[in-house]
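Chain by chain, the residues:
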Amino acid sequence: MMEINKFILLLLLIYSSLISSFADGQGAAPAPSPVISTISSSPEQSPSPAASTPSDSPSSLFSSSLFAPSDDSKSTDAPAEAPLPPTTATSQLPKEAAGDSSKGLPLLFPILKPLSAAGPVVKKICDSTDHPTECLASVIPFHKGESDPVSVLKMEMQALREGLKKAIAKATAMNDDPSVSIDLKSCLDTCLETYDSALYDLDDAFESIAAHDMARLKTVLSASVTDIGTCEEAFSEEGNGEDSPMKDFDDELTKIASNNLAIATALLR
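Residues numbered from 1 in each chain as written. Predicted model: local features only at pLDDT ≥ 70, side-chain atom pairs only at ≥ 80, totals over all residues. Heavy atoms only, no water.

1. A word on a negative patch on the surface
Which entries qualify depends on this criterion: Every patch collects residues that have over 30% relative accessible area and no salt bridge, joining them within 9 Å if they carry like charges and within 5 Å if they are nonpolar side chains (Val, Leu, Ile, Met, Phe, Trp, Tyr). Each accessible area value is a Shrake-Rupley result obtained with a 1.4 Å probe; residue values ignore everything except the protein chains displayed when judging cover. Salt-bridge detection follows one rule: a side-chain nitrogen of Lys or Arg within 4 Å of a carboxyl oxygen of Asp or Glu. The sign given to each residue is positive for Lys and Arg and negative for Asp and Glu; His and the chain ends receive no count. By convention, the charge on Lys lies at NZ, on Arg at CZ, on Asp at CG and on Glu at CD. Comment: elements are numbered from the N terminus, with helices defined as DSSP H or I runs of at least four residues and strands as E runs of at least two. Burial classes follow relative accessibility: with a 1.4 Å probe on protein chains only, a residue under 20% of its type's maximum area counts as buried, one over 50% as exposed, and anything between as partly exposed.
On the surface, Asp183, Glu233, Glu237, Glu238, Glu242 and Asp243 cluster together into a negatively charged patch. It is helix α9 (residues 214-238) that provides the largest number of residues to the negative patch, a total of three residues. Here Glu233 is to be found in helix α9. Taking relative accessible area as the criterion, Glu233 reaches 44% and is therefore assigned partly exposed.

2. As for the side chain of Thr194
Formally: Definition of a polar contact: a pair of N or O atoms within 3.5 Å, with one able to donate and the other able to accept a hydrogen when the atoms are protein atoms, and with sequence-neighbouring residues admitted only if both atoms are side-chain atoms.
Relative to the helices and strands, Thr194 is located in helix α8 (residues 182-210). Residue class for Thr194 comes out buried when judged on its relative accessible area of 8%. Among the polar contacts made by the side chain of Thr194, one reaches the main-chain carbonyl oxygen of Cys191 at a distance of 2.8 Å.

3. Some thoughts on the side chain of Ser208
Within the secondary structure, Ser208 sits in helix α8. Taking the relative accessible area as the measure of exposure, Ser208 reaches 2% and is therefore buried.

4. A closer look at α8
Quick reminder of the rule: Expected helix span is computed as 1.5 Å times (number of residues minus one).
In this model, α8 (29 residues) spans 43 Å end to end at C-alpha, consistent with the 42 Å of a helix rising 1.5 Å per residue. At the C-terminal side of α8, His212 shows a positive phi close to 60°.

5. Section: the nonpolar core
Worth spelling out the cut-off: Buried Ala, Val, Leu, Ile, Met, Phe, Trp, Tyr and Cys residues form a nonpolar core when they are joined through side-chain atoms within 4.5 Å. Any two residues whose heavy atoms approach within 4.5 Å are treated as being in contact.
Counting residues in hydrophobic clusters, the biggest one holds 51 residues, and the most contacted among them are Leu153, Leu160, Leu164, Tyr195, Leu221, Met246 and Leu253. Going through the elements one at a time, α5 (120-127), α6 (132-139), α7 (149-175), α8, α9 and α10 (247-268) are the ones with two or more residues in this core. Beyond its immediate sequence surroundings of up to four residues, Met246 is in contact with Ala167, Lys170, Ala171, Met174, Leu188, Tyr195, Cys231 and Glu232.

6. Points about a nonpolar patch on the surface
A contiguous nonpolar surface patch, about 270 Å² in accessible area, is contributed by Leu10, Leu11 and Ile14. Structurally, Ile14 is set in helix α1 (residues 2-27).

7. Details of the packing of aromatic side chains
Quick reminder of the rule: For Phe, Tyr and Trp, rings pair up if their centres lie within 6.5 Å, where Trp contributes its six-membered ring, and each pair is then called stacked (planes under 30 degrees apart), edge-to-face (over 60) or tilted (otherwise). The rule for a charge over a ring is simple: NZ of Lys or CZ of Arg within 6 Å of the ring centre, and within 35 degrees of the ring normal.
Going through the model one piece at a time under the given rule, you end up with one aromatic pair. When the ring of Phe109 is compared with that of Phe142, the centres are 5.9 Å apart and the planes differ by 75°; the resulting orientation is edge-to-face. Here the residue Phe109 occupies a position in the loop between α4 (58-63) and α5, and Phe142 occupies one in the loop between α6 and α7, the gap between them amounting to 33 residues. Phe142 sits in the partly exposed class, given a relative accessible area of 22%. Taking the ring centre of Phe109 as reference, the NZ or CZ of Lys166 above it sits at 4.9 Å.

What follows is the structure, given as structure tokens:
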């Protein structure tokens, strides 16, 4: 009996010892980690503005060391950008349309579009004349697509007809002006007569083309050149020193008439 009591007492001591050890283990706090104690003991730091509010702009990204390209990454083989060619409005226009008053027919047929619109065949025909630029300028208004020499000749003859009509209108208006001197009116009368004669010569020229009479065609076209020149001769002989008010018209008309004769002469070869 005594032995049993001792055994029970031993068990109770062991049990109480275990209970006490368990209670001590639950109440003791684990040793703080050095890292955690360091963080907890350090003063609170506010987050960096750059880290808390990153910029969305591309320039801010490339200004940082993370996105900025290093010197080694820059390619030295990249070709340099070619400079842009200079552009000017006048470089796109024909010389005559850009303001060259030494060519063209500004009174009768001002150049309103590129002369290349006539086409290479018409240009070749006009190049055979003494005034190729004036030829193109006067042919283009009547050009409907035909490019054979006879058709181009007819266009240039039609240009001369229209030019003569404009000159007649100009001379008639001056002749009706009461402030114009008698001597000047006399010269203008001569001009009007020669312009009318040139129109008749053109009628004969068209008839000669229809009849395939090339010899007569050349003769009447030559006469039209002479008719226009007679107007200027009247001012030099009877104008009492007055300048011809029709000189600019006559200069342009003479160039067209000369072109007609040159094209017709080429057809005879």
